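# Fold and contact review
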Amino acid sequence: MSRQTEGQQFASALGMGNASPEGPRGDSPVLPPPAGPLYEAKPKPGSARAAEGETLEVAVGPHHPSTHGVFRMDVVLDGERIISLKPRFGYLHRNHEKLCEGGTYLMAIPYTDRLDYFCSLTNNWAYVLAVEKLAGVEAPERAEYLRVITAELTRLLNHSCLVGFLLQDMGAMGTPLMYAFREREKLVDLFEELTGARMMCNYMRFGGCRTDASAGWLERTRRVVDDFPRFLDEFEDLLTSNEILLARTQGVGKLSAELAINAGVTGPMLRASGVAYDIRKAAPYGIYERFAFRVPVGEHGDVYDRYMIRMLEMRESVRILKQALKEIPEGPVLNPKARRRNFRPPVGEAYGRLEAPKGELGFYLISDGSPRPYRFRIRAPSFINLTILEDMCLGHTLQDAVIILGSVDIVMGEVDR
Amino acid sequence: MVEEGLRNELSRQNIFLTSIQELYNWGRRNSLWPLNFGLACCAIEMIAASMARFDIARFGAEVFRPSPRQADLMIVAGTVTKKMAPMVVRLYNQMPEPKYVIAMGACAISGGPFKRGYNVLKGIDRYIPVDVYIPGCPPRPEALLHGLITLQRKIAGERLTGPERPRHLRELEPSEYPIPAYGPYDLDPPKNTELWHPKPFVRDA
Amino acid sequence: MRDPEKSSELEETAPPGLPSFQEIRRILEERVEGLRLEFIPNPAAPDQSSFCVPTEFALETARILRDDPRFALDFCSNVTGVDWLDQTVEETILHRETTDEGERTIKEIVRRRRPGFLEAVYHLYSMRARRGPLVIRQRTANRIDRVRVASLTPIWRSAEFQEREVYDLFGVRFEGHPDLRRILMWDEFKDYPMRKDYVEPDDYEYEPTPQGEAAAKARRHYPYGGAR
Ligand code: SF4
């Protein structure tokens, strides 16, 4: 191969060939296929460049440091631009649904912890919400408050870690993630004191919560919550107007409101696209009507908006937490009438959903009157949010795809279940 | 070998006595480079262990490498599904010798809470040899550190010669293991029978 | 549950923010020619009762549900499959009978074998109008070879991966799906693991506290020792 053609191949691999199709490429002879390609190059029928064998198929994952677990994308690149991206799932398919159908209703709670392993408490809540709807059980007042408190703490934990990981994907190795995990440690300490476990809390039950919070715990939570805005300010000082972050995120991975709704995108992703839909407001569950908070909404639907929405949501969570910690009443935390052992809900079905940090988390249960659910289905937000990953990534470069994926906020435990 | 007392005495005189074996093991055990490889929930605690509070750098293992070619410790942190198992074995095969494996968490050891799942591998030791098992679901970061120290002790005790020498110094031991293929109902083969010898288990009546 | 009186009573309830089930049925049957909806009452949560839509009308019905401003269900939240094995069901049938003493109602319990089928369940919401859920179902003719239903992915994109998942785990084939492949299991996999009669590979020997099926399996795999 002559030197000249080598140079051209290199240039087109960098995407330079795209800009001027009539340029030096126009009058050069048709390139021979590369002798030994590093990756398998398969022509894609239809495109002219593809006929020259220039598209590049890259399998990103399942072991890749930027895919947040064992996620795989089959990417086809034309030069550096993505022309097709197919997500591949199932590398963490742990059969939650089958296992939970084989056990009693109570036995499913620890499994819900392991779905989205950052947010075990909201997972618990979504499940007990569905069971409570099915069986018509209610939780006492104090338990409802504890649920709100733990759920909002979970949201703080999830969003701060997510931002850390997103920045990690952008190449900010270490620092933001370290800050986020510093805060996470404070929050998991609270969880550990309340529930006995750092990550897998297994805390909520049909008709209440498993244990009561001590006065000391509430006090310590108050202190952590009061401190949290300081961390947010620090984080935002570091990031929000950071030039690199702006350059890498603004205008990248745009998602229109129509497509987002049609594709069932929920959570911060949806709100970043300008749809003010938060289940805490749209169909309030628990006692969320009692709290004053706002729903931040984005304008452009790009990665930057998604980052910003999460920052703002954390501030709103702090607001909810302050109110809840002030108002929490005394009383029991478990409804004495609710059975947990030998619990047989009536025949029927129920779908319970709530606003988990990643979007709408729903549980669909069918009861046939036996102690085991006949059908146990998890509607996982991060799985469905991935439906439009390809649409967001088309035309971008691979390194943008990594950031776009990061901004979707996925956890493989939930995606594959 | 020089006895311990004499050695201490000499070191006070700025004379440092050691053997090649000790020096070699000392160097290796304090610079274990783990593969940056997370599978499930346990990986989050592994990341937590590498962050400021638990600071795995105190034990020389903070250099998480994204490429298996640069790593010598594989921490299998999380559930290995049947769909993922061939990749895990392939990554193991790609690591250069000497290499070690820590199975972190109930799932990597035996399938853990998901043991009865149809797509869950019941323990990674069915396909690759495991050096240290860390029980827990998830193990706390302290437990991971303890597992790491256990592995370091194990490396410190390795002999370079003689019949006791570790796997990677024996010519006949393989350093790569067969990668299972996807079958119509299960992995093919479902376990590496040359490697995996479960103890015969007799239940009490 | 199959008490017809109870069923029609439940049909008067309404899903949140929407007209009553009777009304919904009337509107839909009016707009789609030939459509007959079967009402599936849900005694546990009456506002989440559902309609079974015949497969051939599913796409059209779905389009109306999305575009008609009376519904405006623009958000398909959840798609899932359910496997119903062959069953013997007991049905209470009410007869009216005129005898010498006048008219009276006789309840009769009939046992009947219901052939199994697979079901695809859709939970629909409206994001703009804050309504829902309205639950619709599609049923296959049987569990073996006539397992086709209509894909609703052309209406709601969010069904794309979820229908693929139902295909993968239950073996329901969605007509008109753009890309119907296995999604969670590997491509070479042959079975449908979420079906109720799926038999998993016998690949574990030991469980600390075996119960039920696991205990039976444990007995096969490792013998009792000690005093036995
Ligand atoms: S052992 Fe527990 S925490 Fe670890 S991967 Fe398995 S389920 Fe998750």
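Each remark here, short or long, concerns the structure printed above.
So, a few notes on the structure that sits alongside this text. (Residues numbered from 1 in each chain as written. Chains lettered and ligands numbered in written order. Predicted model: local features only at pLDDT ≥ 70, side-chain atom pairs only at ≥ 80, totals over all residues. Heavy atoms only, no water.)

## Description of the pairing of strand β4 (residues 87-99) of chain C
Residues and elements named next belong to chain C. Of the strand pairs in this sheet, β4 and strand β5 (residues 102-114) are connected by 13 bridges, and their pairing is antiparallel. Paired with isoleucine 93 across the strands is glutamate 108, a residue of β5. Connecting β4 to the next strand, β5, in antiparallel fashion are 2 residues. (Pairing = 2+ DSSP bridges. Helix = DSSP H or I, 4+ residues; strand = E, 2+ residues; numbered from the N terminus.)

## Focus: the site of the ligand
Taken together, 16 residues sit near the ligand, with Cys41(B), Cys42(B), Ala106(B), Cys107(B) and Cys137(B) positioned nearest. More than a single chain frames the ligand: its nearby residues are located in chains A and B. Mapped by element, the contributors of at least two residues to the shell around the ligand are α3 (41-50) and α5 (105-110) of chain B. Per element, the largest residue contribution to the shell around the ligand is 3 residues, and it comes from α5(B). Here the residues of the shell around the ligand are counted per class, giving 10 nonpolar, 4 polar and 2 charged. (Near = heavy atom within 4 Å. Nonpolar A, V, L, I, M, F, W, Y, C, P; charged D, E, K, R; others polar.)

## Regarding the environment of Ile27(C)
Residue and element names in this part refer to chain C. Tracing the chain through its elements places isoleucine 27 in helix α2 (residues 21-31). Using a relative accessible area of 3% as the deciding quantity, one classes isoleucine 27 as buried. Along the chain, isoleucine 27 and arginine 96 lie 69 residues apart, while their C-alpha atoms are 31 Å from each other. Look past the residues within four positions of isoleucine 27 in its chain and what remains in contact with it is Asp68, Arg70 and Phe71. (Buried < 20%, exposed > 50% of the residue type's maximum accessible area, 1.4 Å probe, protein only. Contact = heavy atoms within 4.5 Å.)

## Description of the interface of chain C and chain A
Contacts between the two partners involve 47 residues from chain C, matched on the other side by 46 residues from chain A. Taken together, the two surfaces of chain C and chain A that pack against each other cover about 3,900 Å², and 53% of this comes from carbon and sulfur. A per-residue breakdown of the area chain C buries against chain A is headed by Met127(C), Arg157(C) and Phe161(C), which together make up 17% of the total. Taken together, chain C and chain A are joined by 7 salt bridges. Across the pair Glu165(C) and Arg377(A) runs a salt bridge whose closest N-O atoms are separated by 3.1 Å. (Buried area = accessible area lost by both parts, 1.4 Å probe. Salt bridge = Lys/Arg side-chain N within 4 Å of Asp/Glu carboxyl O.)

## Notes on the packing of helix α7 (residues 141-169) of chain A against helix α17 (residues 398-408) of chain A
Residues and elements named next belong to chain A. Look at α7 against α17: their axes get within 9 Å of each other, and the N-to-C directions meet at 175°. Relative to α17, the element α7 is oriented roughly antiparallel. Contacts between α7 and α17 pair Leu162, Leu166 and Asp169 from the former with Val402, Ile403, Gly406 and Ser407 from the latter. When the residues that make up the contact of α7 with α17 are grouped by side-chain class, the tally is 4 nonpolar, 2 polar and 1 charged. (Axes fitted to C-alpha atoms, helices over the stretch in contact; angles between N-to-C directions. Parallel < 35°, antiparallel > 145°, perpendicular 65-115°, else oblique.)

## What about the packing of aromatic side chains?
Residue and element names in this part refer to chain A. Enumeration according to the criterion identifies 34 aromatic pairs over all chains in this entry. Look at tyrosine 288 and phenylalanine 291: their rings are 6.4 Å apart centre to centre, the planes differ by 75°, and that puts the pair in the edge-to-face class. Tyrosine 288 sits in the buried class, given a relative accessible area of 1%. Residue class for phenylalanine 291 comes out buried when judged on its relative accessible area of 4%. (Phe/Tyr/Trp six-rings, centres within 6.5 Å; stacked < 30°, edge-to-face > 60°.)

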